[in-house]
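# Observations on chain architecture
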Amino acid sequence: DESAASGEIDFYDSNSGKLLFKGPKDRSFDAFVKESRAHGWPSFRDNEVNWDYVRVLPDGETVSVDGTHLGHNLPDSKGNRYCINLVCVAGRPT
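Quick summary incoming for the structure in this document. Because the structure is a prediction, the values reported are computed rather than measured.

## With respect to the sheet that holds strand β6 (residues 69-73)
Taken in spatial order, the five strands line up as β3-β7-β6-β5-β4 in an open sheet, and their pairing is antiparallel. Pairing within the sheet leaves two strands with one partner each, and these edge strands are β3 (43-44) and β4 (54-56). The pairing of β3 with strand β7 (residues 82-84) spans two bridges and is antiparallel. From the neighbouring strand, Ser43 faces β7, where its bridge partner is Cys83.

Have a look at this one:
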C-alpha cells in the first residue's frame, strides 16, 4: 500500500525488472505525491534516480540502460525533475 507510512517506494523497469527509482528521498511522501500530481507524472529528483540503470540523453529523454523509454528530464527551479511514465516503472524486481 502506497501511503505516507510506507516510506520509500521502489520503482522497477517494466521490461527488465531493474530498480530505476526509489523515493521519496529528502522530502516527505506528501511532497512527492503533490509534485507528481501537479505534473501528471511521477516526478523524481536526482537523488531518487538509480544511475546504475538510468540515463538521460542530450535532448532530455530519460531511458533505462536496457532501452526502455521512461520519460523526460524537465528541470525546474529546484533542479532536475524526471517526469516518468508510471507504466514504464511498474515492473517487478528480477
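After that view of the structure, there is still more to cover.
## Re unusual backbone geometry
Comment: phi is negative for the bulk of residues other than glycine, and the bulk of peptide bonds are trans. A cis amide bond links Gly23 with the next residue in sequence, Pro24, at an omega value of 5°. The topology assignment puts Pro24 in the loop between β2 (19-23) and α1 (29-39). Of note, Asp26 is a non-glycine position whose phi angle comes to about 60°, a positive value. Relative to the assigned elements, Asp26 resides in the loop between β2 and α1. Taking the relative accessible area as the measure of exposure, Asp26 reaches 77% and is therefore exposed.

## Things to note about the state of the cysteines
This model, assessed by the stated rule, comprises zero disulfides. Unpaired in terms of disulfides, Cys83 finds its nearest cysteine sulfur in Cys88, a separation of 13 Å.

Calculation notes
- Within every chain, residues take consecutive numbers counted from 1 along the sequence as written.
- Only residues with pLDDT of at least 70 are given local features in this predicted model, and only at 80 or more are side-chain atom pairs given and counted; all residues enter the totals for whole chains, interfaces and linings.
- Only hydrogens and water are removed before side-chain values are computed, so all heavy atoms of the structure are retained for them.
- A strand pair is defined by DSSP finding two or more bridges across the two strands.
- Note on conventions: DSSP H or I runs of at least 4 residues are helices, E runs of at least 2 residues are strands, and numbering of each starts at the N terminus.
- Note on exposure labels: buried denotes an accessible area under 20% of the residue type's maximum, exposed denotes more than 50%, and partly exposed covers the range between, all computed with a 1.4 Å probe on protein chains only.
- A pair of sulfur atoms, both from cysteines and within 2.5 Å, is called a disulfide here.

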